[in-house]
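Notes for the structure review
Listed below, chain by chain, are the residues.
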Amino acid sequence: MRLYKLGAHTKTDLKVHVVWIPKYRKKVLTGEVAIRTRDILRQISLEHELEIISGKVSKDHIHMFISYRPTQNISKIMQWLKGISSRILLSEFAHLRKQFWGRHLWARGYLAVSSGNITDEAVQKYIEEQEGEPVVDNSRFQIDPP
């Protein structure tokens, strides 16, 4: 059975797959740095009520599949994950400070892909089948005649 997060007037199941890399795609996420990165990301997620469904710290990138609340947005989530982890990792590992000058560990940007149980086509078909409701077609609103 599917588990929804319950709010005062809502039921939600919001999930996103995010990926980001160190600057210059340097292979620095190994050994103690990788272990500490994993622990930091878990702590950040706990503090900000994010649920990590799965994740992996690779040598030159990070994958996380997370569930989040409707009051949170992806850009703010990534700001927490990248910003806090960068500050902590650069303060704890001197060799990273030498490789990543200017207090920037992570490259600019990230990949974020939402996840769901139905396809885009299924949503479009459902909307088209609603009687008397506005239909969206290629970002234009059309109203079916009565």
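Heads up: these notes are all about the structure in this document. (Residues numbered from 1 in each chain as written. Predicted model: local features only at pLDDT ≥ 70, side-chain atom pairs only at ≥ 80, totals over all residues. Heavy atoms only, no water.)

Scanning the protein from N- to C-terminus turns up four helices and eight strands. Traced from its N-terminal end to its C-terminal end, the protein shows the element sequence β-β-β-α-β-β-α-α-β-α-β-β. Residues counted as buried form 29% of the 146 residues belonging to the protein. A sequence separation of at least 24 residues applies to 64% of the contacts in the protein between residues at least 6 apart. For the protein, the accessible area works out to roughly 10400 Å², and carbon and sulfur atoms hold 53% of it. (Helix = DSSP H or I, 4+ residues; strand = E, 2+ residues; numbered from the N terminus. Buried < 20%, exposed > 50% of the residue type's maximum accessible area, 1.4 Å probe, protein only. Contact = heavy atoms within 4.5 Å. Areas by Shrake-Rupley, 256 points an atom, 1.4 Å probe, with all protein chains shown as cover.)

For the rest of this paragraph, the subject is helix 2 (residues 74-92). Between its first and last C-alpha, helix 2 extends 27 Å over 19 residues, near the 27 Å set by a 1.5 Å rise per residue. Where helix 2 is buried, its residues contact strand 3 (14-20), helix 1 (31-47), strand 5 (62-68) and helix 3 (94-99). (Expected span 1.5 Å × (residues − 1).)

The terminal C-alpha atoms of helix 1, which comprises 17 residues, lie 25 Å apart, in line with the 24 Å expected from a rise of 1.5 Å per residue. Regarding helix 1, the residues found buried are Val33, Ala34, Thr37, Ile40, Leu41, Ile44 and Ser45. The buried residues of helix 1 occupy an angular sector of 135° when the element is viewed end-on, so they sit on one face. Projecting away from the buried face of helix 1 at angles above 90 degrees are the exposed residues Glu32, Leu46 and Glu47. As for helix 1, its buried residues are in contact with strand 3, strand 4 (51-57), strand 5, helix 2 and helix 3. (Arc of directions from axis to C-beta.)

As a further point, take the packing of aromatic side chains. The relation between two aromatic rings is expressed through the spacing of the ring centres and the mutual angle of the planes. Taken as a whole and assessed by the stated rule, the structure comprises two aromatic pairs. Ring plane angle 85° and centroid distance 5.9 Å describe the contact between Trp20 and Trp106, whose orientation is recorded as edge-to-face. Of the two residues, Trp20 sits in strand 3 while Trp106 sits in the loop between helix 3 and strand 6 (111-115), which places them 86 residues apart along the sequence. The two residues Trp20 and Trp106 agree in class, both being buried. Ring geometry for Tyr24 versus Trp101: centroids 6.1 Å apart, planes at 25°, classification stacked. With a gap of 77 residues between them, Tyr24 in the loop between strand 3 and helix 1 and Trp101 in the loop between helix 3 and strand 6 connect regions that are remote in the sequence. Take Tyr24: its relative accessible area is 52%, and that puts it in the exposed class. The ring of Phe100 has Lys26 lying over it, and the distance from NZ or CZ to the ring centre is 5.4 Å. (Phe/Tyr/Trp six-rings, centres within 6.5 Å; stacked < 30°, edge-to-face > 60°. Lys NZ or Arg CZ within 6 Å of the ring centre and 35° of its normal.)

With that settled, the discussion passes to the environment of His61. Turning to its location among the elements, His61 is positioned in the loop between strand 4 and strand 5. For the pair His61 and Leu29, spaced 32 residues apart in sequence, the C-alpha separation works out to 7.7 Å. Aside from chain neighbours lying at most four places away, what touches His61 is Val19, Trp20, Ile21, Pro22, Arg25, Leu29 and Lys56. Looking at His61, its side chain comes within polar contact range of the side chain of Asp60, at 2.8 Å. (Polar contact = N/O pair within 3.5 Å; in protein donor to acceptor, adjacent residues only side chain to side chain.)

If you trace the four strands from one edge of the open sheet to the other, you get 4-5-3-6, paired in antiparallel fashion. The sheet terminates laterally at strand 4 and strand 6, the two strands that pair on one side only. Averaged over all pairs of adjacent strands, the angle between strand axes in this sheet comes to 15°, irrespective of strand direction. Where strand 3 and strand 6 come together, five bridges link them in antiparallel fashion. By the bridge assignment for strand 6, His17 is matched with Val113. Where helix 1 meets the sheet, its contacts fall on strand 3, strand 4 and strand 5, and the angle it forms with strand 4 comes to roughly 165°. Against the sheet, helix 2 makes contact with strand 3, strand 5 and strand 6, and its axis sits at roughly 45° relative to strand 3, the strand it touches most. (Pairing = 2+ DSSP bridges. Axes fitted to C-alpha atoms, helices over the stretch in contact; angles between N-to-C directions.)

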